[in-house]
Amino acid sequence: MSVYSMTGYASAQHNPAAASPAADVPAASAARLGLEIRSVNSRYLDLTFKLSDELRGFEPALRELLVHRLKRGKVEVRAVLESHAASLVTEPSARLLQRLNTIQDSVKAWLPLATPLSVADVIRLTAGGAVTEQDWQAELMALAEQVLAALLAAREREGARLALMLQDRMVQLRSLAAQAEPLVPQLVAQQRQRFLDRWRDAMGLVEGGSLPEAAQDRALAEATAFAIRIDVAEELTRLSSHLDELERLIAKGGEIGKRLDFLIQELHREANTLGSKSAALELTHISVDMKVLIEQMREQVQNIE
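Residues numbered from 1 in each chain as written. Predicted model: local features only at pLDDT ≥ 70, side-chain atom pairs only at ≥ 80, totals over all residues. Heavy atoms only, no water.

### Points about the overall build of the protein chain
Part 1: Scanning the protein chain for helices and strands turns up twelve helices and four strands.
Part 2: Across the 305 residues in the protein chain, those meeting the buried criterion constitute 36%.
Part 3: For the protein chain, contacts bridging at least 24 residues in sequence account for 81% of all contacts bridging at least 6.
Part 4: Of the roughly 17600 Å² of accessible surface on the protein chain, 53% is carried by carbon and sulfur atoms. (Helix = DSSP H or I, 4+ residues; strand = E, 2+ residues; numbered from the N terminus. Buried < 20%, exposed > 50% of the residue type's maximum accessible area, 1.4 Å probe, protein only. Contact = heavy atoms within 4.5 Å. Areas by Shrake-Rupley, 256 points an atom, 1.4 Å probe, with all protein chains shown as cover.)

Here it is as structure tokens:
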């Protein structure tokens, strides 16, 4: 399976007149259906619908379609129904105007305080009737399937880019871990020699002189305690294990965002411990570089479904 981002956008329009130019579709009654879906990252699946009045009844069907295909993300769905009659502003017939006037007089007879019809009201009433008469469910759902497929393709492309970025950062983390691994034995050897030098200075021994066996044992014990205190082998092993699991999840794909986020937290924990045990400037630099890479990974993992 692919890795999917939660960020994406897609839109499409359905125009009956353009789709069937030979069909007998009056210009004043034709309409254009538009739909767009945009999504950003979110902890859960959060759906928001902004639909024209004529399309609000289809929200449950749209919601069922999206819940079946999307797992996480803040998703906004916009659907509008635009009548060509509104742009044409056709002149209403005298008969229709007379009918509206009769209805208005009847309403004002019962409701004297009712607001009279304006020119805009008349144009809207005479131009928008044909839009509400048609059942748009089939067209809307077909358009939603088309836009959703485009959205998933966009999220897949973005997810592939995020996966490549994560893999690059993992390679760099492994390189830093490889640099840190041989530093600990070197530091232990240096510290043991430092202890021995101090014993020689304290006992006033000349260069090349030998230390008493007790002094050598004490220096070895001090070096051992130091080695235990600064040993980061366990942290490096766990870090490598977390990186292996990250690689496995990215190769698997699918709904992996939450598990990736957990592993990033564990990587950060190991890098912090590595820094706290640091006994040399080189290890401190490696720990800082690791945390920078892990933070970059954390920002991108937040966008993965």
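### What about the pattern of salt bridges?
Note that side chains of opposite charge can pair when their charged atoms are close.
Part 1: With the rule as written, the count across this model stands at 21 salt bridges.
Part 2: Between Arg238 and Glu235 there is a salt bridge; the shortest N-O distance is 3.8 Å. Note that Arg238 and Glu235 are positioned in helix H10 (residues 233-252) at a spacing of three residues, about one turn of the helix.
Part 3: Relative accessible area serves as the criterion here: at 30%, Arg238 is assigned to the partly exposed category.
Part 4: Overall, Glu235 belongs to the buried group, its relative accessible area being 5%.
Part 5: Residues joined by salt bridges that share partners form a network here, namely Glu36, Arg38, Lys50, Glu76 and Arg78. (Salt bridge = Lys/Arg side-chain N within 4 Å of Asp/Glu carboxyl O.)

### Things to note about the nonpolar core
Part 1: Within the largest apolar cluster, 33 residues are counted, with the highest numbers of intra-cluster contacts made by Leu173, Leu246, Leu260, Leu267, Met290 and Met297.
Part 2: Looking at this core, the elements with two or more residues in it are helix H7 (137-180), H10, helix H11 (257-276) and helix H12 (281-301).
Part 3: In terms of residues, this core owes the most to one element, H7, which gives nine residues.
Part 4: When neighbours within four sequence positions are excluded, Leu173 is seen to be in contact with Leu243, Leu267, Met290, Leu293, Ile294 and Met297.
Part 5: Counting residues in hydrophobic clusters, the runner-up holds 28 residues, among them Ala12, Phe58, Leu70 and Leu81. (Core = buried A, V, L, I, M, F, W, Y, C linked by side-chain atoms within 4.5 Å.)

### Points about the packing of H7 against H10
Part 1: Close contact between H7 and H10 brings their axes to 11 Å; oriented N to C, the two are set at 160 degrees. Classed by the angle they form, the pair H7 and H10 counts as roughly antiparallel. As H7 runs across H10, the sense of the crossing is left-handed. Along the contact surface, H7 presents Ala163, Leu166, Gln167, Met170, Leu173, Arg174, Ala177 and Ala180, while H10 presents Leu236, Leu239, Ser240, Leu243, Asp244, Leu246, Glu247 and Ile250.
Part 2: Each residue belonging to the contact of H7 with H10 can be placed in one class, and the counts come to eleven nonpolar, two polar and three charged. (Axes fitted to C-alpha atoms, helices over the stretch in contact; angles between N-to-C directions. Parallel < 35°, antiparallel > 145°, perpendicular 65-115°, else oblique. Left-handed = near helix turned anticlockwise from the far one by under 90°. Nonpolar A, V, L, I, M, F, W, Y, C, P; charged D, E, K, R; others polar.)

### Structural notes on the environment of Gln137
Part 1: Mapping Gln137 onto the fold places it in helix H7.
Part 2: Here the alpha-carbon distance between Gln137 and Leu55, two residues 82 residues apart in the chain, equals 8.0 Å.
Part 3: With sequence-adjacent residues up to four places away left out, Gln137 is seen in contact with Phe58 and Ala61.

### Overview of the confidence of the model for the protein chain
Part 1: Per-residue confidence for the protein chain gives a mean pLDDT of 83, with 74% of residues at or over 70.
Part 2: Confidence over residues 22-29 falls short of pLDDT 50; this stretch has ten contacts with residues more than four positions distant or in other chains. (pLDDT = per-residue confidence, 0-100.)

### Considerations on the packing of H10 against H11
Part 1: The geometry of H10 relative to H11 is characterised by a closest axis approach of 10 Å and an angle of 160 degrees between their N-to-C directions. Viewed along their axes, H10 and H11 adopt a mutual orientation that is roughly antiparallel. Crossing of H10 against H11: the hand is left-handed. Residues Glu235, Arg238, Leu239, His242, Leu243, Glu245, Leu246, Arg248, Leu249, Ile250 and Lys252 of H10 form the contact with H11, whose own contacting residues are Arg259, Leu260, Leu263, Ile264, Glu266, Leu267, Glu270 and Thr273.
Part 2: Tallied by class, residues from the contact of H10 with H11 come to nine nonpolar, two polar and eight charged.

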